[in-house]
Amino acid sequence: LVWLPTHWTSVGEEDPFEKFVRKVREILVGVQLLEVKNYHLLTEEELRQKMNSTLRPIPLKNSTGDYNHLRNSLLPSVLKNLAENQHHESPQNLFEIGRTFTVDLTTETGILEREKVAILLCHETADYTEIRQLVDLLLRIVGLEYQVKELRQPSFIPGRVGEVLVGNEKVGLLGEIHPEVLTRWNITTPVVSAELNLYKLFELIR
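This section reports on the structure supplied with the text. Owing to the predicted nature of the structure, the values given are computational and were not obtained by experimental measurement. (Residues numbered from 1 in each chain as written. Predicted model: local features only at pLDDT ≥ 70, side-chain atom pairs only at ≥ 80, totals over all residues. Heavy atoms only, no water.)

**A few points about helix 1 (residues 16-30)**
The end-to-end C-alpha separation of helix 1 is 21 Å, in line with the 21 Å expected for 15 residues at 1.5 Å each. Those residues of helix 1 that fall on the buried side of the exposure criterion are Phe 17, Phe 20, Val 21, Val 24, Ile 27 and Leu 28. Buried residues of helix 1, seen end-on, are gathered within an arc of 120° and therefore sit on one face of the element. The inward-facing, buried residues of helix 1 contact strand 5 (92-103), strand 6 (111-122), helix 4 (128-141) and helix 6 (198-205). (Helix = DSSP H or I, 4+ residues; strand = E, 2+ residues; numbered from the N terminus. Expected span 1.5 Å × (residues − 1). Buried < 20%, exposed > 50% of the residue type's maximum accessible area, 1.4 Å probe, protein only. Arc of directions from axis to C-beta. Contact = heavy atoms within 4.5 Å.)

**A closer look at the pattern of salt bridges**
All told, the structure shown has 14 salt bridges when counted by the stated rule. Here Glu 176 and Arg 160 are joined by a salt bridge, their closest N and O atoms 3.1 Å apart. One end of the pair, Glu 176, is in strand 9 (residues 169-177); the other, Arg 160, is in strand 8 (residues 156-166), with 16 residues separating them in the sequence. A residue is classified by how much of its surface remains accessible, and Glu 176, at 10% relative accessible area, is buried. Note that Glu 203 and Arg 206 form a salt bridge whose closest N and O atoms lie 3.7 Å from each other. Through salt bridges that share partners, Arg 25, Glu 35 and Lys 37 make up one connected network. (Salt bridge = Lys/Arg side-chain N within 4 Å of Asp/Glu carboxyl O.)

Right under this line is the structure:
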């Protein structure tokens, strides 16, 4: 008799959250949006002045370059993509799935990291209705009912921006980017956008 050793093999199961993120990506690609990828670092001007925001982003210690602040939103990154690619034909409909960083003293590092998705539609007739319809499609496919509550947010046109809620949970916002913000980015075409917290959406689905 010849003894042969038994070789056990196992296939690693995909992380449930990563599986959810992949589904979101497939939905957005399926409606003809182009995915972009950006670094986590931007300048303070890009995160505050250009976005008409009073929120202070997290600076890197001992950093000597201009790009020395962790982004607290994906929107500035994708607006920067639009500003740098205006020579291309419209529409330019983009999305990014990436990480944001905010101060949270309850965490070990003092920083809360969250995976989000930002969607920006840029063309001459882009409006609030279009971005809401897209968010509606996305959330309906992943199985979530939601509502939109009017919100004041200085990066957006008053009356054309809303907070996205699933039950009582705030999961993001959507609306029309304010003309002052577009001017600061040197963008000459209307832009509507949404930013959703993928981690919260995933937890609510579970």
